[in-house]
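Single-letter residue listing:
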Amino acid sequence: MTTVGSYLATRLAQIGIERHFVVPGDYNLILLDKLQQEPSLNEINCTNELNCSMAAEGYARAKGVAACVVTYSVGAFSAFNGIGSAYGENLPVILISGSPNTNDSGDFNLLHHTLGTHDFEYQLQMAKKITVAAVSIRRALDAPKLIDFTIRKALRTKKPVYIEIPTNLSNQPCAPPGPPSVILEPLHSDPAVLKEAVHKTATFLSQKSKITILVGPKVRSAKAEGALRDFAEALGCAVAVMPSAKSFFPENHPQFAGVYWGLASTLGAESIVDWSDVIVCVGTVFTDYSTVGWTSEPTDSIRVTADVDQVQLPGAEYSRVYLKEFLSGLSHLVKKDPATMLEYKRLSPAEPSLTASHTNEKLTRKEMCLQIQNIVTSKTTLFADTGDAWFDAIKMRLPEGTRLEVEMQWGHIGWSIPASLGYAVGHPDRQVITLVGDGSFQMTAQEVSQLTRLRIPVTIFLINNIGYTIEVEIHDGIYNNIKNWDYAAFVESFNAKDGHGRGFRATTTGELRAAIEAAKKNRHGPTLIECAIDRDDCSKELISWGHFVAAANGRAPKA
Ligand code: TPP
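All values derive from a computational prediction rather than experimental measurement.

Looking now at the state of the cysteines. The tally for this structure, following the rule as stated, stands at 0 disulfides. Here Cys531 stays free of any disulfide, with the sulfur of Cys369 as its closest cysteine sulfur at 9.0 Å.

We now examine the nonpolar core. Formed by 82 residues in total, the largest nonpolar core has its most connected members in Leu205, Ile213, Trp261, Phe326, Phe461, Ile529 and Trp545. Three or more residues apiece are contributed to this core by two domains, here domain 2 (191–347) and domain 3 (365–549). Excluding residues within four positions of it along the chain, Phe461 makes contact with Ile372, Ile375, Ile433, Thr434, Leu435, Val436, Leu512, Ile516, Ile529 and Cys531. Counting 48 residues, the second-largest nonpolar core is a separate cluster that includes Phe21, Leu91, Val425 and Phe441.

Evaluated as defined, the whole model comprises 2 cavities of 30 Å³ or more. Here the largest cavity defines a volume of roughly 230 Å³. If you go around the largest cavity, you meet 18 residues; those closest to its centre are Gly88, Glu89, Pro217, Ser244 and Gln409. Taken together, the elements giving at least two residues each to the lining of the largest cavity come down to α4 (76–89) and α10 (218–221). Top contributing element to the lining of the largest cavity by residue count: α10, with 3 residues.

Moving on, we come to the sheet that holds strand β12 (residues 310–313). Read across the open sheet, the 7 strands follow the order β9-β8-β7-β10-β11-β12-β13; overall the sheet is mixed. The sheet is open, and its two borders are formed by β9 (256–259) and β13 (316–319), each paired with just one other strand. Sheet twist, expressed as the mean angle between neighbouring strand axes with direction ignored, is 15 degrees. Sheet strands in contact with helix α11 (residues 225–235) are β7 (211–215), β8 (238–241) and β10 (278–282), and its direction is about 165 degrees off that of β7.

Under the present numbering, the feature "domain: Thiamine pyrophosphate enzyme N-terminal TPP-binding" (unreviewed entry) in UniProt falls on residues 3–115. Across residues 3–115 one finds 46% helix and 18% strand; the C-alpha atoms that close the span lie 30 Å apart.

A separate point is the layout of surface pockets. The method is simple in principle: a probe with the dimensions of a water molecule rolls over the atoms, and the space it marks as empty is what remains. Considering only enclosed or pocket space, the largest pocket measures out at about 890 Å³ in volume. What lines the largest pocket is a set of 29 residues, and nearest its centre among them are Pro352, Leu354, Lys366, Lys395 and Met396. For the lining of the largest pocket, the elements supplying multiple residues, two or more each, are α15 (365–375), α16 (388–395) and α23 (540–553). A breakdown of the residues in the lining of the largest pocket according to their chemical character gives 13 nonpolar, 6 polar and 10 charged. When residues are assigned to domains, the lining of the largest pocket turns out to be shared by domain 2 (191–347) and domain 3 (365–549), each giving three or more. In this structure, the second largest pocket is lined by 28 residues; those nearest its centre are Leu155, Arg156, Lys158, Pro186 and Ser221. A class-by-class count of the residues in the lining of the second largest pocket yields 12 nonpolar, 5 polar and 11 charged.

What follows deals with the site of the ligand. Inspection of the region around the ligand gives 17 residues, with Asp388, Gly411, Asp438, Ser440 and Ile470 positioned closest. Between Glu471 and the ligand, the recorded distance is 3.4 Å, taken from a side-chain N or O atom to a nitrogen atom. Protein chains shield 82% of the accessible area of the ligand, which is 590 Å² for the free molecule. Contributing elements (two or more residues each) for the shell around the ligand: α18 (438–444) and α20 (469–474). The element that contributes the greatest number of residues to the shell around the ligand is α18, accounting for 4 residues. Here the residues of the shell around the ligand are counted per class, giving 4 nonpolar, 10 polar and 3 charged.

The feature "binding site: Mg(2+)" (unreviewed entry), as given by UniProt, occupies Asp438, Asn465 and Gly467 in the numbering adopted here. Spanning 30 residues, the annotated positions come together in the fold, the maximum distance between their C-alpha atoms being 7.1 Å. Summarising the element assignment, Asp438 is placed in helix α18. Residue class for Gly467 comes out buried when judged on its relative accessible area of 4%. Not counting chain neighbours up to four residues away, the residues in contact with Gly467 comprise Asp438, Asn480, Ile482 and Arg535.

Right, let's get into the pairing of strand β16 (residues 431–437). Burial analysis of β16 places 6 of its 7 residues in the buried class, which makes it a mostly covered element. Note: β16 against strand β17 (residues 459–464), 5 bridges, orientation parallel. The residue of β17 that forms the bridge with Thr434 is Ile460.

Below, the discussion takes up the domain arrangement of the chain. Partitioning the chain into domains gives domain 1 (4–184), domain 2 (191–347) and domain 3 (365–549). With centres defined by C-alpha atoms, the gap from domain 1 to domain 2 works out at 37 Å.

What follows deals with the sheet that holds strand β2 (residues 42–45). Across a sheet, paired strands are connected by hydrogen bonds in the backbone, their directions being either parallel or antiparallel. Read across the open sheet, the 6 strands follow the order β2-β1-β3-β4-β6-β5; overall the sheet is parallel. Looking along the sheet, the strands with just one partner apiece sit at the ends: β2 and β5 (134–136). Pairs of neighbouring strands in the sheet enclose a mean axial angle of 20 degrees, with direction left out of account. With 5 bridges connecting them, strand β3 (residues 66–70) and strand β4 (residues 93–99) associate as parallel partners. Bridged to Ala67 within β4 is Ile94.

Buried charge without a salt bridge: Asp438, with Arg535 as the nearest opposite-charge side chain at an N-O distance of 7.0 Å. Within the structure, the side chain of Asp438 is placed 3.1 Å from the backbone nitrogen of Ile466, a separation counted as a polar contact. A polar atom in the side chain of Asp438 sits 2.9 Å from the backbone nitrogen of Gly467.

On to the pattern of salt bridges, then. Within this structure, the stated rule accounts for 24 salt bridges. A salt bridge links Arg61 to Glu405, with the nearest nitrogen and oxygen atoms 2.8 Å apart. With Arg61 in helix α3 (residues 49–63) and Glu405 in strand β15 (residues 403–406), this pair connects stretches of sequence that are 344 residues apart. With respect to class, Arg61 is no different from Glu405; both count as buried. Ionic pairing is found between Asp388 and Arg365, a salt bridge with its closest N-O pair at 3.9 Å. In this pair, Asp388 is assigned in helix α16 and Arg365 in helix α15, connecting sequence segments 23 residues apart.

Calculation rules
- Residues numbered from 1 in each chain as written.
- Predicted model: local features only at pLDDT ≥ 70, side-chain atom pairs only at ≥ 80, totals over all residues.
- Heavy atoms only, no water.
- Disulfide = S-S within 2.5 Å.
- Core = buried A, V, L, I, M, F, W, Y, C linked by side-chain atoms within 4.5 Å.
- Buried < 20%, exposed > 50% of the residue type's maximum accessible area, 1.4 Å probe, protein only.
- Domains from an automatic or database assignment.
- Contact = heavy atoms within 4.5 Å.
- 1 Å grid on protein atoms, 1.4 Å probe; cavity = no way out; pocket = protein on both sides within 12 Å on 5 of 7 lines; lining within 4 Å.
- Points joined across faces, edges and corners; volume = space filled by probe spheres on them.
- Helix = DSSP H or I, 4+ residues; strand = E, 2+ residues; numbered from the N terminus.
- Pairing = 2+ DSSP bridges.
- Axes fitted to C-alpha atoms, helices over the stretch in contact; angles between N-to-C directions.
- UniProt positions renumbered as here; feature names shortened; annotations may be inferred.
- Nonpolar A, V, L, I, M, F, W, Y, C, P; charged D, E, K, R; others polar.
- Near = heavy atom within 4 Å.
- Polar contact = N/O pair within 3.5 Å; in protein donor to acceptor, adjacent residues only side chain to side chain.
- Areas by Shrake-Rupley, 256 points an atom, 1.4 Å probe, with all protein chains shown as cover.
- Lys, Arg positive; Asp, Glu negative; His and termini not counted.
- Salt bridge = Lys/Arg side-chain N within 4 Å of Asp/Glu carboxyl O.

Right, here's the structure in full:
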């Protein structure tokens with residue numbers, strides 16, 4: 001017999017979810033049982049709902065979609081934070097919350113885990129603001145329609161959705177699921193609009209002589225990385241990437257022209273972007289952070305914007321044009337124009353060839369980065385949390401196949417710990433390396449416990465500069481000081497009798513080398529390496545970036 005719970009389980013399995021992230025509570029226990037009965041779904045427990053939602057967000061980065069199951073209010077309110085992240089970062093995460101028994105509202109009962117009023121609607125209303133579809137299943141017979149509607153919406157928009165299931169409905173019968181194409185069928189561009197958008201854009205580009213492509217983070221959600229490469233090769237021009245799109249275009253590609261991040265750019269990317277007479281912005285997102293406090297946003301007049309489902313160029317705009325199809329169409333029409341590539345070769349600075357030290361000296365940020373860079377391979381996924389870790393990771397040279405994950409839109413410090421758990425569960429074949437500041441780590445540290453429990457060999461480089469350095473650069477005060485921890489001991493405390501987590505503290509280059517060797521050998525649990533560096537040892541780009549972001553934050557109100 002199909003029940004509401006088993007219907008949902010079948011649909012989650014059909015969209016490729018193999019692990020769902022949960023924190024149990026009495027409003028969702030029967031639902032969790034139903035999900036467990038689906039043979040291809042495995043439950044991953046998290047230590048709290050904030051981490052649970054962030055772990056699901058990380059799983060969606062690995063597998064394209066994720067599910068997170070929590071209890072009413074006390075669980076869902078915390079999980080909303082990861083759902084905000086999924087929205088901002090364009091990741092389809094399905095938040096499923098248990099909720100009160102359907103009889104309770106009509107009976108005017110007061111219930112636990114609520115506001116202590118007769119309103120049981122507030123959570124649904126809140127979810128509507130941070131998802132693209134939020135439903136509450138009030139009758140079992142509505143479940144198939146509502147579940148299909150929300151899942152389809154999540155997959156099509158690459159945004160989170162919310163499904164609320166009352167505690168007494170999960171085991172109630174409903175119609176069995178129909179063919180999965182109803183939720184899986186992708187959207188296609190309007191053929192006439194696509195044709196015109198492609199022609200207009202190709203004509204526009206043919207009139208320009210200095211074309212640069214700027215790659216943004218939405219290329220991933222549009223599944224357009226392959227089409228982007230074809231388009232770039234057809235044009236033969238310089239290709240710069242935004243910081244949150246680093247690794248979405250191979251860095252060993254002859255057309256790669258660095259990370260464009262205003263004054264924090266790498267490899268001279270800003271010089272070629274500034275020289276161009278047109279910038280084709282593919283899946284880009286311009287915010288105060290990504291434009292360095294609005295100092296580096298390409299002007300509209302020289303911009304062609306190819307977004308996930310629309311195209312804009314000076315004097316024209318097209319909707320219902322999907323990025324992958326648009327780029328594929330363009331690659332067949334554009335003429336080769338390598339002008340920016342030729343100029344970039346002239347403008348780009350010689351790359352410094354730095355090697356990690358072989359002696360034993362006091363650890364610095366630069367040396368830490370060199371040693372981490374040495375262990376990055378094509379099978380590595382690097383997570384960089386908010387803070388100087390962003391700037392460290394952005395400057396690293398990544399081999400083809402390496403992935404970098406940053407959460408620059410939502411920017412929740414501590415995101416990297418649960419997100420790397422979720423990612424590693426989704427991609428057990430990849431080597432996950434996480435760069436996280438001490439302040440960020442303290443937000444979500446207990447999720448290392450699940451890495452230990454599941455024996456996942458994530459390597460965490462904890463950059464201990466004793467405080468919130470990025471905040472110091474934006475606006476300093478005593479609130480940027482934090483309590484130091486014995487991080488190595490903290491991580492090993494999760495082992496109890498059966499764990500294999502290891503913790504190290506590196507204060508010298510030699511200690512870091514030794515810790516990295518130990519991490520390579522530890523295949524049955526996480527390894528945390530605390531990199532103890534000076535409080536003022538931070539990237540110069542972070543200081544300048546902080547200055548401009550602070551200036552943007554501090555603009556006086558308009559009269
Ligand atoms: N709370 C959350 C959940 N997210 C945030 N981004 C902030 C507060 C504001 N914030 C941004 S960065 C930061 C804070 C508090 C400090 C990060 O410190 P750390 O992880 O030590 O990195 P560092 O700046 O030292 O490199």
